Amino acid sequence: MNPLLIFPGLPRFDAIQPEHVAPAIGQLIAENRSLIERLTAAETPATWKDFLAPMTDAGERLAYAWGIVGHLHSVNDVPAWREAYNAMLPEVSRFHAEIGQNLALFAKFKTLRESPEYALLTSAQRRIIDNDIRDFRLSGAELPDEQKPRFQEIQEELAALSAKFSENLLDATNAYGEWIEDESLLTGIPKDACQAAREAAEKDGKPGWKFTLHAPSYLPLMQYAANRDLRARMYRAYATRAAEFGKPKWDNSPLIDRLLRLRAEEARMLGYATFAEVSLVPKMAESPAQVAAFLREMAAKARPFAEKDVAELRAFASSELSLGDDASGLESWDIAYASEKLKLARYAFSDDEVKQYFPEPQVLAGLFRVIEALFGVRIETDIAPAWHPDVRFFRITREGKLIGQFYLDLYARETKRGGAWMDEAITRRKVADKHGESIQTPVAYLNCNFSGPVGNRPALFTHDDVITLFHECGHGLHHLLTQVDELAVSGIHGVEWDAVELPSQFMENFCWEWEVLQGMTRHVDSDEPLPRALFNKMLAAKNFQSGMQMLRQIEFSLFDLTLHHEFDPNANKSVLQLLDEIRREVAVIVPPEWNRFPHSFSHIFGGGYAAGYYSYKWAEVLSADVYEVFEENARTSGSVLDPVTGDKYWREILSVGGSRPALESFSAFRGREPRVDALLRHNGMIAS
Ligand SMILES: [Zn+2]
């Protein structure tokens, strides 16, 4: 038996091999295809039981098997797995595209939506049907036949333009190298960054050092290089990537123009005034006007703090670094450098110093204690086959009853994708079995890229690592603590995109609680807990330049929104002029006139964030506002780890997943609509 086809149950990581992929996935796709053909036939009744339930079951088996393959491709990216994954990826993508274009399927959904049965279904089931119909509509299924070819043409061109935008940016980024042979130019740059530059030069068979425009090379140079001309050169190269000054074939200007025109046309075809309106249909935010008002409110509140940040930076740069002595003295290529120096002067501590207090066993125990205290659950080691000896497996129980399980894969490996992420192996749902009905408990993958143990010392985590771990665990809890019975809105399924980071960012807050840190820190050599004085410095540094940073995010968000809502490519104004206007309204630091930020704004031109960049701030507001309830209740209960508030949070937010609108869940927990105050206070912009 092909182990990828064994379901239900935990993935058979001890048996699954790359050669199992093609036959298993091929078979599952074929099964799904023939099932859908049968389900869309006239004689199949458009009911939940006859139509949607079997389709969900078959889809789940494919998602389960392909999920394992995708996971192994991410955590064990050796040639055999990469090959097995890439060989089937086009098949799987084609199958999903087919479903989105299947009009007979769409018709069945509409019949079910209009049938008397609809009113008798649970609200979760109704939401699934509504979501599916919405997605069919947004992919053009309801257009008159004569408009469909044009709509399809637009989709294909948009996909090609986005891909080209990213390729141009990558090619332009790769094309630039800053060669240094005079060692004195390296002054200030950290050793490891120089070492990497040395290796990059060696790889090209050249002497000296090579710096590039990729973040691990560019950022430390801009932060630390004492040589101002070097910083200025690098900044100009970086800020003009894929612009009209470089190679014409990498110029993103015409692509930006074309993308905006096509998105506007697509929106009009779907019956919306602008692309921003289309983008917001499946999101929590209601309208572009609401998002714009939200961003402007945040901007107005952050502005005085940002102005103070800039004034302090200018004063420091002028008196301590001799970088100009008037307002124009500080250039864009001085900002990161001067900021780093100011930060060091103000809060003298290093990441390395903090790290000694966060050995892995303490951190994990501390994290689990937070979860156990908040939700009245127990987390214990469990046993299951895994993909690497370093992977651990845990179970969550409540009053002895199994709720969910998760894999924890903490350390970086050469064959592992970068970053940190949560993925689902199995989703909670009600399933029919030989006893009638039972609950399938959820399973999650939590993956990070932290440094592993060295010698016989435990792994030591930076405070940022700890925050990352809590963040991913927040996503994990959203998946694992759901109480929804229907697959398509269980856990993070069906949660609006601008609300999905609420549970993850929520968990980060605990990493800044003295109460929590006291119990989860112990110096690796001396066994001492984190000293209060060091914690106070960390806390002060947390909000360093938070006003400036917030305005920057708002500038990007407002530019993105306005571009997709008010901007008319046919009018006389250019994209750059629009950006100028936004900057005049929002920014406290205006980059040089030749800065071509839009040409590298791949979130909105090369990725899925068009008219959605605001989501970052939006979800941050939600999570801070939710966390404020824990802070308020701590005043009476004496602890942020309050089980009564935790239980309410579980009930109203985590347990319901995507089964109801995020705003409803939020309001049920908070007792009112979201407000920005808590986030501003957490960022030091309102006195606490
Ligand atoms: Zn996240």
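Placed above this text is the structure.
The text that follows walks through the structure, step by step, so that each part is easy to find. Everything numeric here is computed off the predicted structure, so don't read it as measured data.

### A closer look at the overall build of the chain
At step 1: In terms of helices and strands, the chain carries 27 helices and nine strands.
At step 2: In terms of C-alpha radius of gyration, the chain reaches 27 Å, essentially the compact-globule figure of 26 Å for 688 residues.
At step 3: Overall, the C-alpha framework of the chain stretches about 80 × 65 × 55 Å when taken along its three principal axes.
At step 4: Relative to its full complement of 688 residues, the chain shows a buried share of 51%.
At step 5: Sequence-distant contacts, at least 24 apart, represent 72% of the contacts inside the chain between residues at least 6 apart.
At step 6: Summed over its atoms, the accessible surface of the chain is roughly 30,600 Å², and 52% of this surface lies on carbon and sulfur atoms.
At step 7: The positive charge centre, built from 75 side chains, and the negative charge centre, built from 99, are 1 Å apart in the chain.

### Considerations on the sheet that holds strand 4 (residues 392–398)
The pairing of strands in a sheet comes from backbone hydrogen bonds and takes either a parallel or an antiparallel form.
At step 1: One open sheet accounts for five strands, arranged 3-4-5-9-6; its pairing is mixed. Edge strands, defined here as strands with exactly one partner in the open sheet, are strand 3 (378–381) and strand 6 (421–426). Recorded for the sheet is a direction-independent mean angle of 25 degrees between the axes of neighbouring strands.
At step 2: Here four bridges tie strand 3 to strand 4, and the two strands are oriented antiparallel to one another. Across the sheet, Arg378 pairs through a bridge with Thr397, a residue of strand 4.

### Some thoughts on the coordination of the zinc ion
At step 1: Surrounding the zinc ion are the protein donor atoms His471 (NE2), His475 (NE2), Glu501 (OE) and Glu501 (OE), at 2.1 to 2.7 Å.
At step 2: Coordination at the zinc ion comes from four donor atoms whose angles at the metal span 51 to 140 degrees, giving a geometry best classed as irregular.
At step 3: Sequence spacing of the donors to the zinc ion: H-x3-H-x25-E. Placement of the pair is His471 in helix 17 (residues 463–480) and Glu501 in the loop between helix 17 and helix 18 (502–508), with a sequence separation of 30 residues.

### Here we look at the nonpolar core
At step 1: With 141 residues, the main nonpolar core has Phe375, Phe510 and Tyr649 as its most contacted residues.
At step 2: Examining the composition of this core, we find that 12 residues originate from one element, helix 13 (residues 288–320), more than from any other.
At step 3: If sequence neighbours within four positions are ignored, Phe510 has contacts with Val370, Leu374, Phe470, Val516, Tyr627, Val640 and Leu641.

### What to know about empty space enclosed by the protein
At step 1: Scanning the entire structure with this criterion turns up two cavities of 30 Å³ or more.
At step 2: Estimated volume of the largest cavity: approximately 120 Å³.
At step 3: Along the wall of the largest cavity there are 14 residues; nearest its centre are His478, Val495, Ile653, Gly657 and Ala662.
At step 4: Considering every element that reaches the lining of the largest cavity, the biggest residue donor is helix 26 (residues 662–670), with three residues.
At step 5: Its residues placed into classes, the lining of the largest cavity shows seven nonpolar, five polar and two charged.
At step 6: Size it by volume and the second largest cavity reaches roughly 30 Å³.
At step 7: Every residue along the wall of the second largest cavity is listed here: Ile371, Ile379, Ile396, Phe406, Leu446, Cys473, Gly476, Leu477 and Leu480.
At step 8: For the lining of the second largest cavity, the element with the most residues is helix 17, which contributes four residues.

### Brief notes about the layout of surface pockets
Any empty space left between the atoms is revealed when a probe the size of a water molecule rolls over them.
At step 1: Space inside the second largest pocket adds up to approximately 1,400 Å³.
At step 2: As for the second largest pocket, its lining consists of 44 residues, of which Ala63, His96, Leu487, Ala488 and His493 are closest to the centre.
At step 3: Those elements giving two or more residues to the lining of the second largest pocket turn out to be helix 1 (21–39), helix 2 (48–75), helix 3 (79–101), helix 6 (123–138) and strand 6.
At step 4: Among the elements that make up the lining of the second largest pocket, the one with the highest residue count is helix 2 (12 residues).
At step 5: Considering only residue class, the lining of the second largest pocket consists of 23 nonpolar, 13 polar and eight charged.

### Observations concerning helix 3
At step 1: For helix 3, spanning 23 residues, the distance from its first C-alpha to its last is 34 Å, which sits close to the expected 33 Å at 1.5 Å a residue.
At step 2: The largest bend along helix 3 reaches roughly 35 degrees and is located at Leu89, with the proline Pro90 sitting one to four residues downstream.
At step 3: Listing the buried residues of helix 3 in full gives Trp81, Ala84, Tyr85, Met88, Val92 and Phe95.
At step 4: Packing partners of the buried residues in helix 3 comprise helix 1 and helix 2.

Rules used throughout
Residues numbered from 1 in each chain as written. Predicted model: local features only at pLDDT ≥ 70, side-chain atom pairs only at ≥ 80, totals over all residues. Heavy atoms only, no water. Helix = DSSP H or I, 4+ residues; strand = E, 2+ residues; numbered from the N terminus. Rg over C-alpha atoms; globule rule 2.2 N^0.38 Å. Buried < 20%, exposed > 50% of the residue type's maximum accessible area, 1.4 Å probe, protein only. Contact = heavy atoms within 4.5 Å. Areas by Shrake-Rupley, 256 points an atom, 1.4 Å probe, with all protein chains shown as cover. Lys, Arg positive; Asp, Glu negative; His and termini not counted. Charge placed at Lys NZ, Arg CZ, Asp CG, Glu CD. Pairing = 2+ DSSP bridges. Axes fitted to C-alpha atoms, helices over the stretch in contact; angles between N-to-C directions. Donors = N, O, S within 2.8 Å, 3.2 Å for Na, K, Ca; no water. Tetrahedral: all angles 85-135°; square planar, octahedral: opposite > 155°, others 65-115°. Core = buried A, V, L, I, M, F, W, Y, C linked by side-chain atoms within 4.5 Å. 1 Å grid on protein atoms, 1.4 Å probe; cavity = no way out; pocket = protein on both sides within 12 Å on 5 of 7 lines; lining within 4 Å. Points joined across faces, edges and corners; volume = space filled by probe spheres on them. Nonpolar A, V, L, I, M, F, W, Y, C, P; charged D, E, K, R; others polar. Expected span 1.5 Å × (residues − 1). Bend = angle between axes of the 7 residues up to and from the residue.

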